[in-house]
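Here is how the chains run, residue by residue.
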Amino acid sequence: MSSIIQLLPDHVANQIAAGEVVQRPASVVKELLENAVDAKATDIKLIIKDAGKALVQVIDNGLGMSVTDARLCFERHATSKIRLAEDLFSLDTKGFRGEALASIAAIAHVEMKTKPDQEEFGTQIIIEGSKFVSQEVAVLPKGTSFAVKNLFFNIPARRNFLKSDTVEYRHIIDEFQRVALAHANIHFTFYHNGSEMFNLPASSLRQRIVNIFSGKMNEKLVPVQEETDIITIQGFVSKAEFAKKNRGEQFFFVNDRFIKSGYLHHAVMAAYDGILKDGAQPSYFLYLTVPPNTIDINIHPTKTEIKFDDEHALYAILRASIKHSLGQFNVAPVLDFDRDSNLDTPYHYKDLEGETPTIQVDRSFNPFSDDKINKHYSSGSSYKKPEPTANWESLYVGLKQEPEFTTTNHDFSFESEEVTGSLFNEEEVEQTVNSAYQIHKKYIVSPIKSGMVIVDQQRAHQRVLYEQFLTNMTVHQASSQQLLFPLDLFFSSVEMELIEELKLSLINTGFVFEETDSDHVVISGIPVNVTESEVSIVLEQLLSDLQDGIPDSSFSQNDTIAKSMAKSLAVKTGTSLTLKEQENLVNGLFACKDPNVSPFQKPTFITMRVEDIDKKFAL
């Protein structure tokens, strides 16, 4: 029997391994930035073209590599970070697996230039799909430059599975922010298609957060500081009134490494218990420092999952430290029995005696009378109640007169009301005192000829608003109401770029942008069915819904915007509606093109026939 098991060639094995390490251009950005940080660089530049599909380049001024290291770094499981298995429990670097560069070189065109500080010349290597094309000596500055071009050029299926440029660019932004937040002492610069997106000089941690997420972030932050034997916590959390609907500004770092942990996130939410609105998410930037031997990082190739030795103790310490900070900075209500000197009475007030305030009353003032009448009253006179008028029927006394013309020579015929026929048979017209009823502030019950219809008020309103917004964006521009005082809303640079792409569609819905800057927008007009207090909520919800990307076609983009705004503005479950509002909602729903389902494909109403109700009462 011939053997059927064989060893895979190295280039095939590297392509398979690349599936775990390199999922999209953002994965390349993460690996190259972390290598630059491990090389002790103080200045790192990230250059992106076409959302990383055409080019991902990272330039640093780190240690650089010798000729031998430059060639060896592209081999699988070749690393400078560890030597023994025990080193996994004393890691102080980002990478250690030795798979990233080999995986990247297997699926892209890679050009690397590197030179250590003590060498006179550097090395330039070009690799295409794991094949070394050239290796030359070159005159280079200190540091390393990695240029990754044409990602997935030899795996068309993987390239076809990439999302739109907007989505891929958003993922690159996320990876860049995670590395930049973890290392505030490094100068980072980010260029996309020739435009400078971020320029983050070396600064303090608070300033780095403000530089990334706009200047308005500074007033939202509350510092957190705690040091124990098993963990040291520092960082910032946001005040409860600045909580958002999305979870975009939530970062955990363990030993300067970004991680994802639902367990620790629950500890943060527990600290905010009682001071957050339902569904609101606080922003936080928390840096945890623990002994390296108490965590296990080697779980997943992306290294964003970590196992802790004692999670319960970390949970309790994190929750207590955040709760203490919120109380210390008067964000959360606390009981403090220590006397606050700020509440003391000033010294020059202690000998003063209280005086009864004087009150002046204009007894002649009558808000219901005309100005001419008020002039006849003197300041000392009292208002006299007018005499009650006679019965309203007396107004029509004497108006009934005989007609002045005669019908001697003319015959007149008048059409009486009895002659006019009714459009409906009297038997079919159902006389009802109340045409709609609200149940549990959630459902609207309206009688129909065959029985009754039960409408979900929130889903029905979503359908009505969705079709209204979609019509405004695709058929004709909606009307807007001008604001007396324009709104000044602050956003991060990434959110501002997204708003710029959506600006035309938002204008069609009724928004009027007076000014657009790098970190804020000034809105002077809003749609007629949006209140001033709802503007920031609508835009934040819209940006949150579009975090996963905007479809390529403009109609799909309008569809996404219409759905998001309908979800934000629709009447919520638990809202009491008047009879007129109930009737308008039911009539508006059945005037829609597709009243059966909400914009999110959920049923908006059900019908119950009289026969079905009779069966319920049948024995």
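Preceding this paragraph is the structure being described.
In this report, the structure presented in the accompanying data block is examined.

Cut-offs and rules
Residues numbered from 1 in each chain as written. Predicted model: local features only at pLDDT ≥ 70, side-chain atom pairs only at ≥ 80, totals over all residues. Heavy atoms only, no water. Helix = DSSP H or I, 4+ residues; strand = E, 2+ residues; numbered from the N terminus. Contact = heavy atoms within 4.5 Å. Pairing = 2+ DSSP bridges. Axes fitted to C-alpha atoms, helices over the stretch in contact; angles between N-to-C directions. Expected span 1.5 Å × (residues − 1). Buried < 20%, exposed > 50% of the residue type's maximum accessible area, 1.4 Å probe, protein only. Patch = residues over 30% accessible without salt bridge, like charges linked within 9 Å, V, L, I, M, F, W, Y side chains within 5 Å. Areas by Shrake-Rupley, 256 points an atom, 1.4 Å probe, with all protein chains shown as cover. Salt bridge = Lys/Arg side-chain N within 4 Å of Asp/Glu carboxyl O. Lys, Arg positive; Asp, Glu negative; His and termini not counted. Charge placed at Lys NZ, Arg CZ, Asp CG, Glu CD. Core = buried A, V, L, I, M, F, W, Y, C linked by side-chain atoms within 4.5 Å. Phe/Tyr/Trp six-rings, centres within 6.5 Å; stacked < 30°, edge-to-face > 60°. Arc of directions from axis to C-beta.

**Quick look at the side chain of Ser564**
In this fold, Ser564 is placed in helix 14 (residues 554–569). Setting aside residues no more than four positions away along its own chain, Ser564 makes contact with Gln541, Leu542 and Asp545.

**Concerning the sheet that holds strand 6 (residues 143–149)**
Pairing is mixed in the open sheet, where eight strands are placed in the order 5-4-3-6-2-1-7-8. Two strands bound the open sheet, and with one partner strand each, they are strand 5 (131–138) and strand 8 (195–200). Each strand axis lies, on average, 10° off the axis of its neighbour in the sheet, ignoring direction. Pairing analysis gives six bridges linking strand 1 (residues 43–49) to strand 7 (residues 187–192), with the strands arranged parallel. Pairing of Ile47 across the sheet is with Tyr191, part of strand 7. Across the sheet, helix 2 (residues 25–38) touches strand 1, strand 2 (55–60) and strand 6, and the angle it forms with strand 2 is around 10°.

**Quick word on helix 9 (residues 311–328)**
The end-to-end C-alpha distance of helix 9, which contains 18 residues, comes to 26 Å, matching closely the 26 Å that a straight helix rising 1.5 Å per residue would cover. The set of residues buried in helix 9 consists of Ala313, Leu314, Tyr315, Ile317, Leu318, Ser321, Ile322, Ser325, Leu326 and Gly327. In this fold, the buried residues of helix 9 make contact with strand 9 (221–227), strand 10 (232–238), strand 11 (250–254), helix 8 (262–271), strand 13 (284–289) and strand 15 (307–308).

**Regarding the environment of Val237**
Mapped onto the elements, Val237 comes out in strand 10. Measuring from C-alpha to C-alpha, the distance between Val237 and Leu326 comes to 8.6 Å, with 89 residues separating the pair along the chain.

**Here's the deal with a negative patch on the surface**
Residues Asp488, Glu514, Glu515 and Asp517 make up a contiguous surface patch of negative charge. Mapped onto the elements, Asp517 comes out in the loop between strand 20 (512–516) and strand 21 (520–527).

**Considerations on the sheet that holds strand 17 (residues 443–448)**
If you trace the four strands from one edge of the open sheet to the other, you get 16-17-18-22, paired in antiparallel fashion. In this open sheet, the two edge strands, each paired with only one partner strand, are strand 16 (437–439) and strand 22 (605–609). Each strand of the sheet is rotated relative to its neighbour by a mean of 25°, with strand direction disregarded. The strands touched by helix 11 (residues 457–474) are strand 16, strand 17 and strand 18 (451–456); relative to strand 18, the strand with the most contacts, the crossing angle is about 75°.

**A word on the nonpolar core**
Membership of the largest hydrophobic core comes to 62 residues, with the highest contact counts inside it found for Leu46 and Phe74. It is helix 6 (residues 165–182) that contributes the most residues to this core, eight residues altogether. The contacts of Leu46, once residues within four sequence positions are left out, are Val29, Leu33, Val56, Gln57, Val58, Ile172, Phe176, Thr189, Phe190 and Tyr191. Ranked by size, the runner-up nonpolar core spans 32 residues in total, among them Leu498, Ile526, Leu543 and Met565.

**Structural notes on unusual backbone geometry**
Positive phi outside glycine occurs at Asn255, with the angle close to 50°. Mapped onto the fold, Asn255 is located in the loop between strand 11 and strand 12 (257–259). Using a relative accessible area of 27% as the deciding quantity, one classes Asn255 as partly exposed. For Lys441, which is not glycine, the phi dihedral falls at a positive 55°. One can find Lys441 in the loop between strand 16 and strand 17.

**Thoughts on the pattern of salt bridges**
Inspection of every chain in the model, using the stated rule, returns twelve salt bridges. The shortest N-O distance in the salt bridge between Asp43 and Lys45 comes to 3.7 Å. According to the relative accessible area criterion, Asp43 is partly exposed, its value standing at 22%. Residue Lys45 is classed as partly exposed on the basis of its relative accessible area, which comes to 30%. Between Lys149 and Glu111 there is a salt bridge, and its shortest N-O distance comes to 3.7 Å. Pair noted here: Lys149 is in strand 6 and Glu111 is in strand 3 (residues 109–115), with a separation of 38 residues, a long-range link. According to the relative accessible area criterion, Lys149 is partly exposed, its value standing at 34%. Among the ionic contacts, a cluster of salt bridges with common partners joins Glu111, Lys113 and Lys149.

**Describing the packing of aromatic side chains**
By the definition in use, this model includes 18 aromatic pairs. Ring geometry for Phe176 versus Phe198: centroids 5.5 Å apart, planes at 35°, classification tilted. You can see Phe176 sitting in helix 6 and its partner Phe198 sitting in strand 8, a full 22 residues away along the chain. Phe198 carries the same exposure label as Phe176, and that label is buried. A network of ring pairs unites the aromatic residues Phe213, Phe251, Phe253, Phe258, Phe285 and Tyr287 as a single cluster.

**Topic: the pairing of strand 18**
Counting buried positions along strand 18 gives five out of six residues, so the element sits mostly inside the fold. As judged from the six bridges shared by strand 17 and strand 18, these two strands associate in the antiparallel manner. Bridge pairing in strand 18 links Val445 to Ile454. Where strand 17 hands over to strand 18, the hairpin turn is made up of two residues, counted between the paired strands.

**Brief notes about helix 15 (residues 579–590)**
For an α-helix, 3.6 residues make a turn, and residues three or four places apart therefore share a direction. With twelve residues, helix 15 extends 17 Å between its outermost C-alpha atoms, agreeing within 8% with the 16 Å of an ideal straight helix rising 1.5 Å per residue. Those residues of helix 15 lying buried are Gln582, Leu585, Val586 and Leu589. Buried residues of helix 15 fall within an arc of 95° about the axis and therefore sit on the same side. In helix 15, those exposed residues whose orientation departs by more than 90 degrees from the buried face are Lys580 and Asn587. Each element contacted by the buried residues of helix 15 is listed here: strand 16, strand 17, strand 18, helix 11 and strand 22.

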